[in-house]
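The chain contents come next:
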Amino acid sequence: MAWAHVQSRSADTGATATLVLAFLSNTVAGNLIVLAFTYGTTATDDVSTVADTGLNTYTRVTNGWQKDPDNSQNLMMYYAKNIAGGANTVTVTLSGSRNFTAIAIHEYSGGDTTAPLDVSVGQFDNTGSTATDGDVSTAATTTVNGDLIVGATVDTST
């Protein structure tokens, strides 16, 4: 079966220690949730917990953490596989209040429920002033046909 996008939401959450966002529709049991969030900090990693009301287990994407040292902004990605269905609110708790926080949640169906992550890469690139100025990401070579490819970026130019 092929991957299919089910639903997504995103929000700028301001200055906070807790990023919270609910799916507008119930999630479906067995699906995949991909979570990306960003926050301003000089720390390298200060995520305390990533959880949701469905009691799903979140795994950090291996290369899903990127730090922009020039703008003190972190970007992180997590996923929850083979999720429980139902109403669902995702919560990220940081070790303290941070500026410039934002969160995005995505639900996908039709993929591998036991090992959905094939490969991950990450890159910080500050060669220009915007996310569309020709910056490139690190190449990834997939090993499975029909992989879902997900990317996240933060633009600190605004």
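Definitions and limits used
Residues numbered from 1 in each chain as written. Predicted model: local features only at pLDDT ≥ 70, side-chain atom pairs only at ≥ 80, totals over all residues. Heavy atoms only, no water. pLDDT = per-residue confidence, 0-100. Helix = DSSP H or I, 4+ residues; strand = E, 2+ residues; numbered from the N terminus. Core = buried A, V, L, I, M, F, W, Y, C linked by side-chain atoms within 4.5 Å. Buried < 20%, exposed > 50% of the residue type's maximum accessible area, 1.4 Å probe, protein only. Phe/Tyr/Trp six-rings, centres within 6.5 Å; stacked < 30°, edge-to-face > 60°. Polar contact = N/O pair within 3.5 Å; in protein donor to acceptor, adjacent residues only side chain to side chain. Pairing = 2+ DSSP bridges.

1. Some details on the confidence of the model for the chain
Averaged over all residues, the pLDDT of the chain is 84; the fraction at 70 or higher stands at 78%. Ranking the elements of the chain by mean pLDDT puts strand S5 (residues 66-68) last with 68 and strand S1 (residues 4-22) first with 95.

2. Regarding the nonpolar core
Core analysis: the largest hydrophobic core is formed by 19 residues, its most contacted members being Leu 35, Phe 37, Val 47 and Val 92. Going through the elements one at a time, S1, strand S2 (32-40), strand S3 (47-52), strand S6 (73-80) and strand S7 (89-109) are the ones with two or more residues in this core. In terms of residue count, S7 provides more of this core than any other element does, five residues in total.

3. Regarding the packing of aromatic side chains
Evaluated as defined, the whole model comprises three aromatic pairs. Taking 6.1 Å as the distance between ring centres and 20° as the angle between the ring planes, the aromatic pair formed by Phe 37 and Tyr 39 counts as stacked. We note that Phe 37, like Tyr 39, is buried.

4. Regarding the environment of Thr 41
Mapped onto the elements, Thr 41 comes out in the loop between S2 and S3. Thr 41 gets classed as buried once you look at its relative accessible area, which sits at 9%. In this structure the C-alpha to C-alpha distance between Thr 41 and Ser 97, which are 56 residues apart in sequence, comes to 9.3 Å. Side chain to side chain, Thr 41 and Arg 98 meet in a polar contact 3.4 Å long.

5. Section: the pairing of S7
In terms of strand pairing, S1 meets S7 through 15 bridges, oriented antiparallel. Residue pairing across strands places His 5 opposite Tyr 108, the latter belonging to S7. Pairing of S2 with S7, which is carried by eight bridges, proceeds in the antiparallel orientation. If you follow Ala 36 over to S7, its bridge partner there is Ala 104.

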